[in-house]
Amino acid sequence: MVLLELFWSFCKIGFTSFGGLSMVPLINHEMLSHGWMNLSEVSDIVAIAEMTPGPLGLNCATFAGTRVAGFLGALSASLGVLSPTFLICAVAAVAFEKFRDSSFMQKVMSGVRPICLGLILAVLCSLSISNYAAPAGGVSLPALFIGAAALVALLKFKISIPMVIASSALLGLALIR
Amino acid sequence: METSQETNTCRKSRVPGLFWQFFKFGCYTFGGGWSIVAQMQKEYVEKRRWLTEEDLLDITSVGRSLPGLMIGNVSYLFGYHVAGFPGAIACVTGMCIPPLLILTIVTWCYTQVKDNVYVSRAMVGVRATVVPIIASAALGLRRAALTDRFGYLILLLGFVLYLFFGMNCIMIVLLGGLLGFLLSGWREQWKGGPSDGTP
């Protein structure tokens, strides 16, 4: 049952990440291990999710769900990624005063945050290998150039992410053969 | 928060408005949840005065520290705070519907044009930006994630376990949570130990 599998995958993704791009390693792992996507499609999700409105995790869930099983797949993946909100937050909202200084959660998260950062760096390595490889083998210099330009644009000039993605699409059109 | 009969009906009447407002938030947001928090601050703290600055800050920090989508958590807690359970559901569904619809259409288009020569050339360029985007986001997370030396050790552990040992992601994250819990408990005891431990 692919819908249930999607729901369960994104449940796991939702429960073991703390929002934003920290979901990428888990999405990467779930998509590859089920054979739902390859590495370059995972990169495409990230780029597309960053260019469209809405939170990244939800966008990724919708994209992956639609790719795997159409609109129903998108629905079950989204519900999966939202399940921590509906379960944990429901409890937290009732006991909000207690959760205001939830020392237990803070202690746990003080380990989860750095380990997620480690995972993100590890995924960056595997994505780099896939994204800067030339089809014929070796390193694709134009792709490397675009990546370096994007890094400078993001860090030095603080250009917004949708702008960076749009211009890199144009550069790709011009430079890639 | 007190809930007399009168404020109860008043809070219920907020639900449809909340749904619509969060639907609009869902349409406008680019690049993650912080812009939604900023819009909530403008609309509900400054304009309508439904809650104070501190309330919103508390909601945001609790929503952030729980697992899952930060903005889903924040919407849920905010909706619950101002209009109870129906308000929470209204905020979360309102916020999720626009990205769900937009992404379904975008994905459909992507599948149609993915194999076009020009599109795939452009996509090589787009993919080249994904690594810098994630890297710059990781740099932004660094301050929240790495509060002391243990943070760097845990980071290194996650990196090595994932890349070189191919350990399951979820196990690694759970291990991180356990380590965080043990280390901060240990640190507390170590700090408080000599002063109130032995008489």
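Keep in mind that this is a model prediction, so the values were computed, not measured. (Residues numbered from 1 in each chain as written. Chains lettered and ligands numbered in written order. Predicted model: local features only at pLDDT ≥ 70, side-chain atom pairs only at ≥ 80, totals over all residues.)

Draft legend 1. Highlighting the nonpolar core. In terms of nonpolar packing, the biggest core is built from 111 residues, with Ala 64 and Ile 120 of chain A together with Leu 77 and Ile 134 of chain B touching the most fellow members. With 17 residues, helix 5 (residues 70-113) of chain B is the largest single contributor of residues to this core. If we ignore the near neighbours within four places in the chain, the residues touching Leu 77 of chain B are Cys 89, Ala 92 and Ala 93 of chain A together with Ile 59, Val 62 and Gly 63 of chain B. (Core = buried A, V, L, I, M, F, W, Y, C linked by C-beta atoms within 7 Å. Buried ≥ 20, exposed ≤ 12 C-beta atoms within 10 Å, placed from the backbone. Helix = DSSP H or I, 4+ residues; strand = E, 2+ residues; numbered from the N terminus. Contact = placed C-beta atoms within 7 Å.)

Draft legend 2. Structural detail: the confidence of the model for chain B. When the pLDDT values of chain B are averaged, the result is 80; 87% of them are 70 or greater. Note on residues 193-199 of chain B: pLDDT under 50 across the span, and zero contacts to partners over four residues away in sequence or across chains. (pLDDT = per-residue confidence, 0-100.)

Draft legend 3. Region of interest: the interface of chain A and chain B. Across the contact, 87 residues belong to chain A and 81 residues belong to chain B. Sorting the residues of the side of chain A that touches chain B by element identifies helix 1 (2-15), helix 2 (24-34), helix 3 (39-51), helix 4 (56-94), helix 5 (96-100), helix 6 (103-131), helix 7 (141-155) and helix 8 (161-175) of chain A as the ones contributing at least two each. Top element by residues in the side of chain A that touches chain B is helix 6 of chain A. It accounts for 23 residues. Per-class residue counts for the side of chain A that touches chain B are 54 nonpolar, 26 polar and seven charged. (Nonpolar A, V, L, I, M, F, W, Y, C, P; charged D, E, K, R; others polar.)

Draft legend 4. Helix 6 (residues 117-145) of chain B, seen in detail. Here helix 6 of chain B is 29 residues long and its end C-alpha atoms lie 41 Å apart, about the 42 Å a rise of 1.5 Å per residue gives. At Leu 139 of chain B, helix 6 of chain B is deflected by roughly 25°, the largest bend along its length. (Expected span 1.5 Å × (residues − 1). Bend = angle between axes of the 7 residues up to and from the residue.)

Draft legend 5. Helix 5 of chain B, seen in detail. Helix length check: helix 5 of chain B (44 residues) gives 32 Å between terminal C-alpha atoms against 64 Å at 1.5 Å per residue, more than 12% under. Along helix 5 of chain B, the helix axis deviates most sharply at Ala 83 of chain B, where the bend reaches about 145°; the proline Pro 86 of chain B sits within four residues downstream.

Draft legend 6. Local environment of the packing of helix 2 of chain A against helix 6 of chain A. Residues and elements named next belong to chain A. Remark: helix 2 packs on helix 6, axes separated minimally by 8 Å, with the N-to-C direction vectors making an angle of 55°. Between helix 2 and helix 6, the angle is such that the two are oblique. Contacts from Val 24, Pro 25 and Asn 28 of helix 2 reach helix 6 at Leu 119, Ile 120, Ala 122 and Val 123. Its residues assigned to classes, the contact of helix 2 with helix 6 shows six nonpolar, one polar and no charged. (Axes fitted to C-alpha atoms, helices over the stretch in contact; angles between N-to-C directions. Parallel < 35°, antiparallel > 145°, perpendicular 65-115°, else oblique.)

Draft legend 7. Fine view of the packing of helix 4 of chain A against helix 5 of chain B. Their axes nearest at 10 Å, the elements helix 4 of chain A and helix 5 of chain B cross at an angle of 170°. Taken together, the axes of helix 4 of chain A and helix 5 of chain B are roughly antiparallel relative to one another. Split into classes, the residues belonging to the contact of helix 4 of chain A with helix 5 of chain B amount to 17 nonpolar, nine polar and one charged.

Draft legend 8. Broad picture of the domain arrangement of chain A. All names here are of chain A. Here the domain parsing of chain A yields domain 1 (2-130) and domain 2 (132-177). Computed over C-alpha atoms only, the centres of domain 1 and domain 2 are separated by 25 Å. Taken together, the contact pairs six residues of domain 1 with five residues of domain 2. Those elements that place two or more of their residues in the side of domain 1 that touches domain 2 are helix 3 and helix 6. For the side of domain 1 that touches domain 2, the class distribution of residues is three nonpolar, two polar and one charged. (Domains from an automatic or database assignment.)

Draft legend 9. Examining the confidence of the model for chain A more closely. Of the residues in chain A, 94% reach a pLDDT of 70 or more, and the chain-wide mean stands at 83. Mean pLDDT across the elements of chain A ranges from a minimum in helix 5 of chain A, with 61, to a maximum in helix 1 of chain A, with 90.

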